[in-house]
Structure formats: structure tokens, C-alpha cells
Amino acid sequence: MVKRVFSGVQPSGSLTIGNYLGALRNFTKLQHEAECLFCVVDLHALTVPQDPKELYQRTLDVARIFVACGIDPKLATVFIQSHVPAHAEMSWLLECSSYVGELRRMTQYKEKSSKQEVVTAGLFTYPVLMAADILLYQTDEVPVGEDQKQHLELARDIAIRVNNRFDEEIFKVPEPYIPPKIAGGRIMNLQDPTEKMSKSAENPRGNIAILDPPDAIQQKIRSAVTDSGREIYYDEENKAAISNLMVIYSLCSDQSLEEIQERYAGSGYGQFKKDLAEVVVETLRPIQERFEELSRPGVIEAILAQGRKKAEPLALATLERFQDRLGLLPLLRS
Ligand code: ATP
Ligand code: LTN
């Protein structure tokens, strides 16, 4: 049996190399060994204020970046969350099987709500919508960065709870697929290595966006904070900034942390940063070129229409089964 994989990315800002190294790169590997669905989760982005025009544009751009990064629409299903209304319907049904207490414990909710002037109910129930995304497709595996681990555990808890209640496997219980930190699971902000790189961060100086032009990448890496001392070696606790830059270097160049350490022994931060900028620019160059090609009118739209067609029947099968078990009446046709 081929495994089924599902993952989502929010159109809440310009995608960063954190998104690329922690998530998208793994999506492209998984598409060869599993049945994959990759979703632009626009409904999730609505949990905090969004400018409608920007949201519209970013939604298309995230889908283009998926494909530009190597997701092949012939192998994987690429679609927009709001195009399959079953996500919102399932989310409501699962909210009625979720507890306020467990949602209150979500660290992402605590962090994000503390930064908002007003906190929407959607920000609070966000992880339930994520559980709906995953459970609708009877997903085996969910590739995400480390920040999503807690949300995934909640999705598992909800699935197990519902299955137990009905004494039947209504939902497959999904497994996380989270790379360790040195494999990109948590890329940190270049200006503050205690914070993860986040596309919705207010100040973009600490982010490298996948679509950043070379001079912006060079500038951001040049001004990245470093640690005291001059040596280049991996020590997550005492040299968090350099360790983060080393992980980015390693993943973009396919060199191990040891090789990088040896190469820059005694050469100081200046040369290292210069070379790192080049390695990142070269990693992103082909992605940016493909992105341009995918920006021709109609290209991504056709991919997304086809994606919705493949995703919707899968989602409806699970939704209808759950509706039936809950005692909801099927559609009555006259
Ligand atoms: P936002 O800032 O809006 O919360 P985000 O940049 O955290 O967004 P998401 O859309 O929430 O990005 O996440 C998309 C995928 O990228 C998820 O699998 C997430 O775990 C992963 N990801 C996000 N940031 C990082 C990071 N800094 N390092 C590794 N993976 C990341
Ligand atoms: N919450 C995730 C995005 C997301 C997701 C999903 C990831 C929404 N639905 C389903 C995996 C599976 C985030 O903020 N990174």
C-alpha cells in the first residue's frame, strides 16, 4: 500500500528558506514514494488580519513556489484549501469533538495571540482546522517543521478520540515527519537566533525569502548577527547564530557540518558569510527562474483546477462517512 502524505503552507507572507529547508524540500522527495497532497491553506491565513489583494496574490504565489521548488503536479496534488469546502465543514464537526482546555495549551496560539490587538476565535480554533485538513484525506504522514509538532499531536488525539467514540477507524491516525534541527526542522531568524524564521515576522531583515534577489540575500547574510569569538563550529547552545548559518550552508551545499567546520577553520566570519550568501543565491536561482515561468497567465490556475478535482472526492468520502456516524441526515432530494 502506498502511503498518503498531506501538508499545508499558509499564504501569510513571502515564503522563507525556513519553509523551503524545513518543509518544501522534503515535499519534493516524498512525492516519489507516496501519494502526496500539498495545500495552500488560505483559510488558516485568515486567522490574523490580511489585506485581501495581498492574500489573493500570495495564494497564487505560494502555489507557484510549490511547483518552482520541484513539486511535480503530475506526481502530487496541489490545491487551495478554500476550493474544497469540506475542510471548513469538517473543521466545525471536529470543533465539537475538541476541548477548549487542549486548545488553550497550544504554544503557537499563546505566542501569536500575545502579538495581536484583538484575538479572533479562528486563531484559537486554528489547530482544529489543521486537524480537519489532515484527517479528511486519511493521511499516513505529515511532513512539517518542528513548530508544528504540537498541532500534529492534537490532530492525532482528536482522531483517536473520534475513533474510540464510534469504535471504528473513521480517521487514520497520522504520523509526523519532522526533520531534526540540523536537517532544517527549525531554521532560526538571522537577527535573533532564539526565534524561528517566520514569513509573517514584522521585520523581514531576519528572513531570507525564497524570492529575494541576490543583493538582498547578500545584505541580509552580511548583517546577520553572530556570536562572540571568531571560530566556526556547531554548538547550538553557545553559538546559536553561527550554528544556524552553518545548517543553512550545509543544506544548501550538501556538505556536512564537519566539512564546513574544517573548511573555515581559522578564517573568521567574513569569508564564511560571503560564501554562504553565494551558496544560498545559487540554491534559489533555479527556483526563482521557474517561478517566473509559472507566472505566465493561466499556468498555475490550470494546475490548481486539476488539483481540486483530485482532492475533493477524497475529502468528501471522509466527510460524508463522519456526518453519517454523527447522525446528520444525508441530503434529501425531491
Ligand atoms: P507564519 O509566520 O505565518 O506562522 P511560517 O513561516 O511559520 O508562517 P507556515 O505556513 O506556518 O510558515 O509553515 C509552512 C511549513 O514550513 C510548515 O511545515 C512549518 O513547520 C515549516 N516552517 C516554517 N518556518 C520554519 C522554520 N523556520 N524552519 C523550518 N521549518 C519551518
Ligand atoms: N499550521 C501549519 C500549516 C498547516 C498544515 C496543515 C501543515 C495547515 N494545515 C495540515 C500540515 C498539515 C503551519 O502553520 N505551518
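Check the entry above for the structure.
Here the structure is a predicted model, which means the values were calculated and not measured.

Taken together, 13 residues lie near ligand 2, and Q10, Y126, M130, D133 and Q148 sit nearest. In this structure, Y126 approaches ligand 2 through a side-chain N or O atom, which is 2.6 Å from an oxygen atom. D133 has a polar side-chain atom sitting 2.6 Å from a nitrogen atom of ligand 2. Expressed as a share of its isolated accessible area of 360 Å², the protein-covered part of ligand 2 is 92%. Ranked by residues supplied to the shell around ligand 2, first place goes to helix 7 (residues 121–136) with 4 residues. Residues that form the shell around ligand 2 fall into these classes: 7 nonpolar, 5 polar and 1 charged.

In the structure shown here, the tally under the stated rule is 11 aromatic pairs. Residues Y249 and F272 carry aromatic rings whose centres are separated by 5.6 Å and whose planes lie at 10° to one another, so their mutual orientation is stacked. Here Y249 is found in helix 10 (residues 240–253), whereas its partner F272 is found in helix 12 (residues 268–294), with 23 residues between them in sequence. The same class applies to Y249 and to F272, which are both buried. Ring-pair connections join several aromatic residues into one group, and the members of that group are F6, F79 and Y137.

What follows deals with unusual backbone geometry. One non-glycine residue, Q138, adopts positive backbone phi at about 50°. One non-glycine residue with positive phi stands out, namely D167, at about 50°. Tracing the sequence through the fold places D167 in the loop between helix 8 (149–166) and strand 5 (175–177). Here D167 falls in the exposed class, since its relative accessible area comes to 72%.

Close to ligand 1 lie 21 residues; S12, K112, K196, S198 and S200 are nearest. Taking Q10, its main chain carries an N or O atom lying 2.9 Å from an oxygen atom of ligand 1. A distance of 2.6 Å separates an oxygen atom of ligand 1 from a polar side-chain atom of D147. When isolated, ligand 1 has an accessible area of 590 Å², and the protein chains bury 98% of it. Ranked by residue count, the leading element in the shell around ligand 1 is helix 1 (residues 17–30), at 4 residues. Classifying every residue of the shell around ligand 1 gives 5 nonpolar, 11 polar and 5 charged.

Reading guide: rules and limits
- Residues numbered from 1 in each chain as written.
- Chains lettered and ligands numbered in written order.
- Predicted model: local features only at pLDDT ≥ 70, side-chain atom pairs only at ≥ 80, totals over all residues.
- Heavy atoms only, no water.
- Near = heavy atom within 4 Å.
- Polar contact = N/O pair within 3.5 Å; in protein donor to acceptor, adjacent residues only side chain to side chain.
- Areas by Shrake-Rupley, 256 points an atom, 1.4 Å probe, with all protein chains shown as cover.
- Helix = DSSP H or I, 4+ residues; strand = E, 2+ residues; numbered from the N terminus.
- Nonpolar A, V, L, I, M, F, W, Y, C, P; charged D, E, K, R; others polar.
- Phe/Tyr/Trp six-rings, centres within 6.5 Å; stacked < 30°, edge-to-face > 60°.
- Buried < 20%, exposed > 50% of the residue type's maximum accessible area, 1.4 Å probe, protein only.

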